[in-house]
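Chain residues, written in single-letter form:
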Amino acid sequence: MIQRLFSVVCVLLLWSNQAVWAQEKVDSLEPAPLIDYETSQTYEIGGIEVVGANYTDANGIIALSGLTVGKTIRIPSDQISKAIRKLWKQGLFVDVNINIQKRIGDIVFLEIAVQEYPRFARHGYKGIPKGQHDDANAATKRYLQKGRAATPAMKLHAIQALKQIYVEKGFLDVEIEVTEEEDKILKNSVRWIFDIKKGKRVRIAKINFHGVEKMKKGKLYRSMKETKRNNIWAIFKPSKFIEKEYETDKKNLINAYNNVGHRDAIITKDSVYLVQKKNRKVMHIDIHIDEGATYRFGNIVFRGNTTYSDRILNNIMGIKRGDVYNAELIETRLNFDRNGRDISTLYMDNGYLFFRAEPIEKGVREDSVDLEIRISEGPVAIIANVIIKGNDRTHEHVIRRELRTLPGNKFSRSDIIRSQRELTALNYFNPENLQINTPVNPQRGTVDIEYIVEERPSDQLELSAGWGGVGRGVIGTLGVTFNNFSLRNLLNPEAWNPLPQGDGQRLSLRVQTNGRFYQSYNFSFTEPWLGGKKPNSFTLSAYHTNFNNGYSQESSAFQRLQITGASVGLGTRLRFPDDFFVYQISLNYQNMDLLRRYDFEIPTGSFHNLSLSQTISRNSIDNPIFPQKGSNISLSLKLTLPYSLFDDKSAADYAAMDPAKKFKLLEYHKWDFLAEWYGKIVKNFVVKVGIKMGFLGFYNANVGLSPFERYELGGDGISNFQGLQGKDIISLRGYRDPINDVSTANAQGAAIYNKITMELRYLISPNPSATIWVLAFAEAGNAWSEFKDYNPFQLKRSVGAGVRVFLPMFGTLGFDYGIGFDKPHLNGSKKMTDYGAFNIVLGFEPK
């Protein structure tokens, strides 16, 4: 009983103490902060707390708000709303509030409450093939950054970037919807799926010109470079509407008028609208033009010229009083003409870097315009420094020896252009990224020439295969060419990468075989600047070839031929007629050791071919990979001593002589001519015209034509299998079999041949790591056994198309499909496959 009473008393005491403690706590709490918003008061910020920020730094939020502990703030005022707007501008939060947490006298404690956007984790696409994902990612990568707040602005920018891609491709009705999903990998992150509905491509069906009387509409269509109608030519330039390019093309229209004297021509109005055609939309464009009057040139006078007379300047301008006024022609003849016929080039080639010419229209009289050309010649600029940057493999002296701009010389624009061509011709540098800067020092009257190059691979690996003829099988070729080799660093292990390089020398190693029957080994080395002072080249080469035909049932004989040869050559750059000319001479020796006989009348024996080769050539093409202008012309003569003219043998003696003895010392003269011309038609379209001729002659009619050094025309020309006679194999596209398709003269080797080629080339990709172009060709050629049979009008014709890819490591790869029209053995066959033939290009362009 006493124990129970004690327990009740303890419980009552504990309850009483708890109640007193709770009351004391309630009495000690300050009342909620009361702010009189009727009257503005100044408070000191005692503290700032950030709530709701899980991924954004709290201190950063406080700093962005502009609120600082210890500073004063007036409440109410716009200071709080300004702080909220500053945080809103960051685009990181869904909601932002700033609350007064508590107040102690004139000190307030603030709370910044934010609700963050989820973070962007990843994205995907629907409605487009995977091949287009890379383009889409390239357009959105600047907006879609992982870890950033996934804001509506980010989403909108990405949508606009994607739409721009498809609008430029003609999909004007493209729609893009975005689905947002919670990311399963990253917490509080989202994944966006862009559903792209391209719709149908909208083409430009019509461009209607109104008010046109003095211009041919075809010329107006051509003047619009990017805005094209959807017609047959759209395969080269797709028809699509891009507003920015359309605005440029309207200016091009007016320029076309200005260039034929209509200097007042204007576009009065234009409209672009869509028209529904059955199940698709097409675009129509209406352009209204006020052509204005036709103007002509009046008087042209020069002011300020002291170096060159008015007569010289007028001759360069080439504009006469009464010619149709052409604003573009004035600009071309004053500042830059592609053929160098401009006044600016005249002055700048003579050092006048600061030259300026400004055409002023002095008066318009009825239909003529008088011009005054105001010339400011300035001082002659001297080259102070020539700086080379970017060459991490090629040694600087290799570049400098190709430059025409030397310190101390007068500035010359033509020398810079020529130096650029020479650097491109080396094929060591990316021509697309070759930069030439000319920082000037007007006070000193000097200029620096700065060449910035970008190295690219120049070595080539040749892996090819070709058919070696009936019963011979496939002939494989493995070769490697180091085009920037360095012989002097051959014993320096640190310079090997994989071989020493950087001195501009050329080393070539090549092996060709089809197994037991045929093996060929070739070596060559070229030093383009022997001695390092002048462009005198030195070439050394050697080769060994073995033909082994094994046992022949027809002749019961073992047939074998071994050819061993070597040559040494010198070359030099000429100064006359111009320095594009090169002269080369080489001494060649070849030994042919034949066991038994092949398919022509030469028995077992050893034959010697000692010859002297001379070549004069002129090469002015602008790019060795895909030339767009320039020419390549060469004439070669290869001859031996006329041994038979030094003996007293009669015709009967030679007729009775064993062929092995008659041809023991080969005698002949051999002529080869090549001419190629390149010209640009329009952007990326290039035409190539070429002609090749070869003739093998003899000194003594009693000895006759040498069985060696002949020609074979036809086939693809890639096998390089020259047979016993060491034939020069010349390709003729569309004709697979040189003997049956082209000429029976090819059987033993022709003494003369002709070949004419015309190609239309279109550059698809100028990327130096993979230069790609397509071509269409027309070709004709033939071969004859003797000069008396020669008929240059009796040619085998073909047409076709092909594609080329130049890879720095492997050279030129591609194929042609040609259709030969003149194959006598077909007897009028109507099967197209009988007339067609594929030609494969592996490593190099065939002859």
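The paragraphs below set out a description of the structure included in this document. (Residues numbered from 1 in each chain as written. Predicted model: local features only at pLDDT ≥ 70, side-chain atom pairs only at ≥ 80, totals over all residues. Heavy atoms only, no water.)

Take the overall build of the protein chain next. Secondary structure summary: the protein chain contains 16 helices and 35 strands in total. For the protein chain, with 847 residues in total, the buried portion stands at 44%. Summed over its atoms, the accessible surface of the protein chain is roughly 45,500 Å², and 55% of this surface lies on carbon and sulfur atoms. (Helix = DSSP H or I, 4+ residues; strand = E, 2+ residues; numbered from the N terminus. Buried < 20%, exposed > 50% of the residue type's maximum accessible area, 1.4 Å probe, protein only. Areas by Shrake-Rupley, 256 points an atom, 1.4 Å probe, with all protein chains shown as cover.)

Another point: the environment of V742. Counting through the fold element by element, V742 comes out in helix α15 (residues 738-742). Residue classification places V742 among the buried residues on the basis of a relative accessible area of 5%. Each C-alpha atom of the pair V742 and D822 lies 8.1 Å from the other, and the pair is 80 residues apart in sequence. With sequence-adjacent residues up to four places away left out, V742 is seen in contact with L713, G714, L732, Y735, D737, N782 and K796. (Contact = heavy atoms within 4.5 Å.)

According to the stated counting rule, one finds 35 salt bridges in the structure shown. With a shortest N-O distance of 2.9 Å, R122 and D183 are connected by a salt bridge. You can see R122 sitting in strand β5 (residues 119-126) and its partner D183 sitting in the loop between β6 (175-182) and β7 (189-197), a full 61 residues away along the chain. For D183, a relative accessible area of 7% translates into the label buried. Across the pair K155 and E180 runs a salt bridge, and its minimum N-O distance is 3.7 Å. Of this pair, K155 sits in helix α5 (residues 152-168) while E180 sits in strand β6; the two residues are 25 residues apart in sequence, bridging distant segments of the chain. Using a relative accessible area of 24% as the deciding quantity, one classes K155 as partly exposed. Several salt bridges share partner residues, and in doing so they unite R733, K755, E759, R761, E779, R804 and D816 into one network. (Salt bridge = Lys/Arg side-chain N within 4 Å of Asp/Glu carboxyl O.)

Attention now moves to the nonpolar core. Membership of the largest hydrophobic core comes to 30 residues, with the highest contact counts inside it found for F547, L561, M592, F607, L666, L713 and Y753. For this core, the elements supplying multiple residues, two or more each, are β23 (557-573), β24 (581-595) and β29 (711-713). (Core = buried A, V, L, I, M, F, W, Y, C linked by side-chain atoms within 4.5 Å.)

We now examine unusual backbone geometry. In the segment running from I75 into P76, the intervening peptide bond is cis, with an omega of -5°. Relative to the elements of secondary structure, P76 occurs in the loop between β2 (72-75) and α3 (79-89). In this structure, P577 follows F576 across a cis peptide bond, with omega equal to 0°. If you trace the backbone, P577 turns up in the loop between β23 and β24.

This paragraph deals with the side chain of S65. You can see S65 is positioned in helix α2 (residues 58-65). The contacts of S65, once residues within four sequence positions are left out, are A83, K86, L87 and I112.

Moving on, we come to helix α9 (residues 327-334). Within α9 the residues assigned to the buried category are I330, R333 and L334. Looking down the long axis of α9, one finds its buried residues gathered within 95° of arc, a one-sided arrangement. Where α9 is buried, its residues contact β11 (296-303), α8 (310-317), α10 (343-348), β12 (356-365) and β13 (368-376). (Arc of directions from axis to C-beta.)

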